[in-house]
Amino acid sequence: MKKIQMVDLKGQYEAIREVVDRSIAEVIDTTSFINGPEVRAFQKELETYLGVRHVIPCANGTDALQIAMMGLGLQPGDEVITADFTFAATVEVIALLQLTPVLVDVEPDTFNIDPEAVRKAITPKTKAIVPVHLFGQCANMDAIMDIAREHNLYVIEDNAQGIGATYTFEHGKKVKTGAIGDVAATSFFPSKNLGCYGDGGAIFTNDDDLAHVIRGIVNHGMYERYHHDVVGVNSRLDSIQAAVLRAKLPLLDAYNERRKEAATKYTAAFEGEDKIVTPVLVGEPDSHVYHQYTLKVKGADRDALVAFLGAHDIPCGVYYPIPLHRQKAYLDKRYDEKDFPVTNKLVEEVISLPMHTELDDEQIAYITSTIKAFINK
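All values reported here derive from a predicted model rather than from experimental measurement. Think of each chain on its own: its residues are numbered from 1, step by step along the sequence as written. It should be noted that, the model being predicted, local features are given only for residues of pLDDT at least 70 and side-chain atom pairs only at 80 or more, the latter also being counted only at that level, while totals for whole chains, interfaces and linings use all residues. Neither water nor hydrogens contribute to the side-chain values; these are computed over all heavy atoms in the structure.

(A) Layout of the nonpolar core. Buried Ala, Val, Leu, Ile, Met, Phe, Trp, Tyr and Cys residues that are joined via side-chain atoms within 4.5 Å together make up what is termed a nonpolar core. Each residue is placed in one exposure class: buried if its accessible area under a 1.4 Å probe, protein chains only, is under 20% of its type's maximum, exposed if it is over 50%, and partly exposed if it falls in between. In terms of nonpolar packing, the biggest core is built from 56 residues, with Phe42, Leu46, Phe85, Phe188 and Phe204 touching the most fellow members. The set of elements that each furnish at least two residues to this core consists of helix 2 (37-50), strand 2 (79-83), strand 3 (100-104), helix 5 (115-121), helix 6 (141-151), strand 9 (201-205), helix 8 (239-248) and helix 11 (341-349). Once residues within four sequence positions are removed from consideration, Phe42 is found in contact with Phe188, Leu194, Leu237, Ala242, Leu245, Arg246 and Leu249. By size, the runner-up hydrophobic cluster in this structure holds 24 residues, among which are Met69, Ile203, Leu210 and Ala211. A run of DSSP states H or I qualifies as a helix once it reaches four residues; a run of E qualifies as a strand once it reaches two. Both are numbered from the N-terminal end. In what follows, a contact means two residues having at least one pair of non-hydrogen atoms within 4.5 Å.

What follows is the structure, given as structure tokens:
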């Protein structure tokens, strides 16, 4: 059996080595390392794939979130509602811009932001909602968009874990995640479903005026060299990373299908195990791209299971071990523990298993049998 990896980037690279190496060599030959033709071509190709009017590449996913908020003109003190159960980058940029983060609980099945908790958290200072398509499962965008329209709020999609997923609205329309809200941000960190070989990110929007503002922000506020029209940052996707992403983008749907196949095999192997709760698919099959395959462990010691897997050379992850509302950087007297019953339980129960495009049946069988041996001992 091959060594089990949490994410097997080397195996994935071997299958596309020729096209990736050639693309990188072409960038080096042209020496167009920043904002070169590869970046512009990737931008256009991703716009077509997502069905969105504007893709603005940038340096990383955290920058993408920050720049999206800057582009909307949010001001210090404005409140932005987001999920308590997610990676810190989502709330980090809110705080960096001196906005006020408002953390709310999530749904117990999807782990995504709870629309009713969002509704209860709205105040006259609320200006935006940031739903996160966590672990690759679409958030409830029907409810989120309805709430946003009702209260005249911006919706900023955090699509770092959901690229390639498709949301089916109640009326039947299908839209790719990242093309639903006012603006969206994604990450191309190497382990993402669409990952480069370094840092990278992008902002998506269908708003022409907002796209114009954001294009200035990512490049020091310039539309014309040395003319700084808006306050900006230095956040650009380099051409080598764009070349890697261009090689991978035509394969993204196939990559996501392989993740779904692995997820289906995991779930089948755990059928009938009362102490294991497998991921719940809400919506159509294309609404989940399994960036992570995350279990809930019930009636067994999750941390002991982590140690047991490590002893058997099986990597795993706990995403996330501490709620954001308990993190030192984001402590706030406004938060009451009783407002986070789901998140507070999830941080004790969740465990994410290896999930990537190169998983094979032998590895899945070994992983699942080892987990079952632990919980049934």
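From this point, things continue past the structure.
(B) Layout of the sheet that holds strand 14 (residues 350-353). The rule for pairing is simple: two strands pair if DSSP sees at least two bridges between them. With antiparallel pairing, the three strands of this open sheet are ordered in space as 12-13-14. Across the chains shown, the open sheet's two edge strands, defined by having one partner strand only, are strand 12 (276-277) and strand 14.

(C) Geometry of the pattern of salt bridges. We define a salt bridge as a contact between a side-chain nitrogen of Lys or Arg and a carboxyl oxygen of Asp or Glu at a distance within 4 Å. Applying the stated criterion across every chain, the model contains 20 salt bridges. In this structure, Lys265 and Asp361 form a salt bridge, with 2.7 Å as the shortest nitrogen-oxygen distance. In this pair, Lys265 sits in helix 9 (residues 252-269) while Asp361 sits in helix 12 (residues 361-375), placing the two residues 96 residues apart along the sequence. Given a relative accessible area of 39%, Lys265 falls into the partly exposed group. One network of salt bridges, in which partners are shared, links Lys10, Glu14 and Arg17.

(D) Main features of the packing of helix 10 (residues 302-311) against helix 12. Throughout, an axis means a line fitted to C-alpha atoms (over the contacting stretch in the case of helices), and angles, computed between N-to-C directions, take values from 0 to 180 degrees. Remark: helix 10 packs on helix 12, axes separated minimally by 10 Å, with the N-to-C direction vectors making an angle of 135 degrees. Compared by their axis directions, helix 10 and helix 12 come out oblique. The crossing of helix 10 and helix 12 is right-handed. Of helix 12, the residues touching helix 10 (which contributes Ala304, Leu305, Phe308 and Leu309) are Thr370, Ile371 and Phe374. Tallied by class, residues from the contact of helix 10 with helix 12 come to six nonpolar, one polar and no charged. Here is the rule for angles: anything less than 35 degrees is roughly parallel, anything more than 145 is roughly antiparallel, 65 through 115 is roughly perpendicular, and the remaining ranges are oblique. For a crossing to be left-handed, the near helix must be turned anticlockwise from the far one by less than a right angle; the clockwise case is right-handed. Amino acids outside the nonpolar list (Ala, Val, Leu, Ile, Met, Phe, Trp, Tyr, Cys, Pro) and the charged list (Asp, Glu, Lys, Arg) are all regarded as polar, and Gly is one of them.

(E) Seen up close, the pairing of strand 13 (residues 293-297). Within strand 13, five of the five residues are buried, leaving the element largely enclosed by the surrounding structure. What you see with strand 13 is no split at all: Tyr293, Leu295 and Val297 on one side and Thr294 and Lys296 on the other are buried throughout. Here two bridges tie strand 12 to strand 13, and the two strands are oriented antiparallel to one another. Bridging from a neighbouring strand, Ile276 pairs with Val297 of strand 13. Inspection of the sheet shows strand 13 paired to strand 14 by four bridges, in the antiparallel sense. Its bridge partner lying in strand 14, Leu295 is registered against Ile351.

(F) The arrangement of empty space enclosed by the protein in detail. Buriedness for pockets is judged along seven lines, at least five of which must meet protein on both sides within 12 Å for an open set on the 1 Å grid over protein atoms alone, while cavities are sets there where a 1.4 Å probe fits but cannot get out, and lining residues have an atom within 4 Å of a point. Grid points are joined across faces, edges and corners, and a volume is the space filled by probe spheres set on the points. Across all of its chains, the model carries three cavities of 30 Å³ or more by this definition. In this structure, the largest cavity encloses a volume near 80 Å³. Every residue lining the largest cavity is listed: Asp109, Thr110, Phe111, Leu134, Phe135, Gln137, Pro279, Val280, His288, Gln292 and Thr294. Residues belonging to the lining of the largest cavity are distributed by class as follows: five nonpolar, five polar and one charged. In this structure, the second largest cavity encloses a volume near 50 Å³. Across the lining of the second largest cavity, the residue classes break down as three nonpolar, five polar and three charged.

(G) How the structure looks around the layout of surface pockets. Space inside the largest pocket adds up to approximately 520 Å³. For the largest pocket, the lining is made up of 27 residues, of which Phe87, Gln161, Phe189, Lys192 and Tyr320 are closest to its centre. For the lining of the largest pocket, the secondary-structure elements that each account for two or more residues are helix 3 (61-71), helix 4 (89-96) and strand 8 (183-187). Taken together, the residues that form the lining of the largest pocket break down as twelve nonpolar, eleven polar and four charged.

(H) Structural view of the side chain of His54. Residue position: His54 is located in strand 1 (residues 54-58). The class of His54 is buried, set by a relative accessible area of 11%. Polar contacts, as used here, are pairs of N or O atoms within 3.5 Å; protein pairs need one atom able to donate a hydrogen and one able to accept it. Residues neighboring in sequence count only if both atoms are side-chain atoms. Of note is the side chain of His54, whose polar atom sits 3.2 Å from the side chain of Arg215. The contact partners of His54, leaving out residues within four places of it in the chain, are Glu47, Ile203, Phe204, Thr205, Asn206, Asp207, Asp208, Ala211 and Arg215.

(I) How the structure looks around the packing of aromatic side chains. The pairing test for Phe, Tyr and Trp rings, Trp by its six-membered ring, is centres within 6.5 Å, and the orientation test on the planes gives stacked under 30 degrees, edge-to-face over 60, and tilted for anything in between. Counted under the stated rule, the structure contains 13 aromatic pairs. Residues Phe135 and Tyr320 carry aromatic rings whose centres are separated by 6.4 Å and whose planes lie at 20 degrees to one another, so their mutual orientation is stacked. Remark: Tyr320 occurs in the loop between helix 10 and helix 11 and Phe135 occurs in the loop between strand 4 (126-130) and helix 6; sequence separation between them is 185 residues. There is no split in this pair, since Phe135 and Tyr320 are both buried. Ring centres of Tyr319 and Tyr320 lie 6.0 Å apart, and the angle between their planes is 55 degrees; on these two criteria the pair is classed as tilted. Among the residues examined, Tyr319 registers a relative accessible area of 25% and is labelled partly exposed. Taking the relative accessible area as the measure of exposure, Tyr320 reaches 12% and is therefore buried. By way of ring pairs, the aromatic residues Phe85, Phe111, Phe135, Tyr319 and Tyr320 are connected into one cluster.

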